[in-house]
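If you want the building blocks of each chain, they are given just below.
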Amino acid sequence: MFKNLTEQQAKEQILQMVANYYSVFHNQPEFKPGDRIPYASRVYDHQEMVNLVDSSLEFWLTAGRYTEEFEKKFAQYLGVQYCALVNSGSSANLIAFMSLTSPLLGERAIKRGDEIITVAAGFPTTVSPIIQYRAVPVFIDVTIPQYNIDVDMLEKALTDKTKAVMIAHTLGNPFDLSSVKGFCDKHSLWLVEDNCDALGSKYVINGEKKFTGTIGDIGTSSFYPPHHMTMGEGGAVYTSHSLLAKIIKSFRDWGRDCECPSGIDNLCRHRFDNQYGELPVGYDHKYVYSHFGYNLKATDMQAAIGCAQLEKLPNFVERRRHNFDRLKSALYGIKDKVILPEPCANSIPSWFGFMITCKSDLNRNQIVQYLERKGVQTRMLFAGNLTKHPCFDELRESGTGYRVIGELTNTDRIMNDTFWVGVYPGMTNEMIDYMAEMIREAVEIQ
């Protein structure tokens, strides 16, 4: 088939066939009432598939030219200086936290036994790195209907062991960044923004509109299929702090001290010049390790998909806002029976989902089961109250693994009374309207 073609001509023919394949076999069927409405799904066109095949034909497989392109363009989109692509959002959180343990940070480095302020109403991998390092998560309550950290509790959580605040922007709704950033600056604490559910959200701070994930010291994103954009798997860690950027890449790339890219030798021209630790002078710098790191890189095929998705991201964000607003308007008539979500002041959320909390005369489980029977997929707010899960049994029994400040009253209410539905950009007005109708029915029949 390709005998008389150049490699480039053959590649162009293959990629055109891929685009044609998409148009024939990947069209989405028209929605009919009663069809399954997932809380999230991939939204893509031929370009993602073309990029994926293009990368596979090169067969570089690990991080390469698409990775470089994605890191550069993603940093530009966010307005940060540095971005490191990784293999998942959970890995992004792991690297973000571990970077703050680096001895290169001197007295500000997090040590075992130091405390990190966070919340229990969220996803476990915001907290797991803290526990795995044997630092101490300090949990404070959240507010309803914003579902974010209660900033009035921050000072009560502070001790001489506090080193950082690490929290997520819940389902795309920014937390009160003015208060949290002010608290961190006042006490010289690190701020890690878990931005995995909030890519594209903005917050106005000091009169400037900025993307969430860029206001703290480090931000993280996830590109798992339900998120704002996808690579299948994948994540990113980003910062404008040059030393943190160096540490982040070291932890991602086995803990290497050398910054030369994989597959490129002696870019710095000093590969065999120096002496490190107790190694002999001239020991190969590519095999010098300044951290106990990992290999958490993504593949270039994932990055190729990400490059196509990034072009669509602004439209994805706008559609999420449209879907959220349409659903909220349609549910206004039942606000005496449920609590509808509210954005944080000074924020422009890029909504990941639509949270609903049942008031006292409603049974959350009955509503959820009704919706599921009608084809509307639902989700809890992840862990609900993370400290109630089996993984905390050992920590609870030891009495030293974590601290709770005050009562987690709203956190427990979310665990018992709250659920959410999706607003992903593939949802049509017809899907939103059907979902709203089913939610109203579920509430009114109780």
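So, here's what we can say about the structure. (Residues numbered from 1 in each chain as written. Predicted model: local features only at pLDDT ≥ 70, side-chain atom pairs only at ≥ 80, totals over all residues. Heavy atoms only, no water.)

## What to know about the overall build of the chain
Counted only if it meets this: Secondary structure follows DSSP: runs of H or I at least 4 residues long count as helices, runs of E at least 2 residues long count as strands, and numbering of each begins at the N terminus. Each residue's exposure class comes from its accessible area (1.4 Å probe, protein chains only) as a fraction of the maximum for that residue type: buried when under 20%, exposed when over 50%, partly exposed otherwise. Residues count as neighbours in contact if any of their non-hydrogen atoms are within 4.5 Å of one another. Under the convention used here, Asp and Glu are negative, Lys and Arg are positive, and both His and the chain ends fall outside the count. Just so you know, the charge point we use is NZ for Lys, CZ for Arg, CG for Asp and CD for Glu.
The number of helices and strands found in the chain is 13 helices and 14 strands. Here the C-alpha coordinates of the chain stretch approximately 75 × 70 × 45 Å along the principal axes. Here the chain, with 446 residues, has 53% of them falling under the buried criterion. Long-range contacts, defined here as pairs at least 24 residues apart, represent 74% of the contacts in the chain between residues at least 6 apart. Distance between charge centres in the chain, computed from 46 positive and 53 negative side chains, equals 1 Å.

## Some remarks on the packing of helix α9 (residues 300-330) against helix α13 (residues 429-444)
Inclusion rule: A fitted line through C-alpha atoms represents every axis, and for helices the fit uses only the stretch in contact; the resulting angles, taken between N-to-C directions, go from 0 to 180 degrees. Two helices crossing with the near one rotated counterclockwise from the far one by less than a right angle form a left-handed crossing, whereas a clockwise rotation gives a right-handed crossing. Gly falls in the polar group here, along with every residue not listed as nonpolar (Ala, Val, Leu, Ile, Met, Phe, Trp, Tyr, Cys, Pro) or charged (Asp, Glu, Lys, Arg).
The contact between α9 and α13 brings their axes to 9 Å, and the two run at 35°. Helix-helix and strand crossings are classified by hand; for α9 and α13 the assignment is right-handed. Residues R319, H322, N323, R326, L327 and A330 of α9 lie in contact with α13, whose contacting residues are N429, I432, D433, M435, A436, I439 and R440. Among the residues forming the contact of α9 with α13, the class breakdown is 6 nonpolar, 3 polar and 4 charged.

## Description of the pairing of strand β7 (residues 208-211)
Definition in use: Here, strands pair whenever DSSP counts at least two bridges between them.
Here strand β6 (residues 202-205) pairs with β7 via 4 bridges, running antiparallel. The residue of β7 that forms the bridge with V204 is K209.

## Topic: the sheet that holds strand β10 (residues 338-339)
Strand order in the open sheet formed by 3 strands is β10-β12-β14, with antiparallel pairing between adjacent strands. At either end of the open sheet lies a strand with only one pairing partner, and these are β10 and β14 (418-422). Across 2 bridges, the pairing between β10 and strand β12 (residues 353-358) is antiparallel. Its bridge partner lying in β12, I339 is registered against T357.

## Some details on the nonpolar core
So the rule is basically this: In plain words, nonpolar cores are sets of buried Ala, Val, Leu, Ile, Met, Phe, Trp, Tyr and Cys residues tied together by side-chain atoms within 4.5 Å.
I117, I140, I149, V165 and V180 are the most contacted members of the largest nonpolar core, which has 34 residues in total. Looking at this core, the elements with two or more residues in it are β2 (115-119), β3 (136-140), α6 (154-157), β4 (162-168), α7 (177-186) and β6. With 4 residues, α7 is the single largest residue contributor to this core. L340, C358, Y434 and I439 belong to the second largest nonpolar core, which has 32 residues in total.

## Concerning the packing of helix α2 (residues 46-58) against α9
For the record, the criterion: Oblique is the label for every angle not falling under 35 degrees (roughly parallel), over 145 degrees (roughly antiparallel), or within 65 to 115 degrees (roughly perpendicular).
It is the contact of α2 with α9, at a shortest axis distance of 8 Å, that shows an interaxial angle of 155°. Considering the angle they form, α2 stands roughly antiparallel to α9. The interaxial crossing formed by α2 with α9 has right-handed handedness. Residues Q47, E48, N51, L52, S55 and S56 of α2 form the contact with α9, whose participating residues are D300, M301, A304, I305, C307, A308, Q309 and K312.

## With respect to the environment of G232
Relative to the assigned elements, G232 resides in the loop between β8 (218-222) and β9 (235-239). The exposure class assigned to G232 is partly exposed, which follows from its relative accessible area of 29%. Along the sequence, G232 and S88 sit 144 residues apart, while their C-alpha atoms lie 9.2 Å from each other.

## A short note on unusual backbone geometry
Residue P145 is bonded to the preceding I144 through a cis peptide linkage, with omega at 20°. With respect to the element layout, P145 can be found in the loop between β3 and α6. Positive phi, normally seen in glycine, also occurs at L61, with a value near 75°. Within the secondary structure, L61 is located in the loop between α2 and α3 (65-78). Residue class for L61 comes out partly exposed when judged on its relative accessible area of 33%. Phi angles above zero are rare outside glycine, and W254 is one such case at about 70°. Its place among the elements puts W254 in the loop between α8 (242-252) and α9.

## Focus on α9
In an α-helix, one full turn covers 3.6 residues, which means residues spaced three or four apart are oriented alike. Worth spelling out the cut-off: A helix's residues, less one, multiplied by 1.5 Å, set its expected span. The term bend refers to the angle at a residue between two fitted axes, each drawn through seven residues, those ending there and those starting there.
When the terminal C-alpha atoms of α9 are compared, their 43 Å separation across 31 residues agrees well with the 45 Å that a helix rising 1.5 Å per residue should span. At K312, α9 shows its largest bend, some 50°, and a proline, P314, comes one to four positions later.

## What about the sheet that holds β8?
Sheet strands pair via backbone hydrogen bonds, and the direction of the pair is either parallel or antiparallel. The 8 strands are arranged β1-β9-β8-β5-β4-β2-β3-β13 in an open sheet whose pairing can be described as mixed. Whereas interior strands pair on both sides, the edge strands pair on one side only; in this sheet they are β1 (82-86) and β13 (403-404). Pairing between strand β5 (residues 190-194) and β8: 3 bridges, direction parallel. By the bridge assignment, E193 is partnered in β8 with G219. Here helix α4 (residues 89-99) sits on the sheet and contacts β1, β2, β4, β5, β8 and β9; the angle it forms with β8, its principal contact strand, is near 165°. Across the sheet, α8 is in contact with β1, β5, β8 and β9; its angle to β1 comes to roughly 15°.

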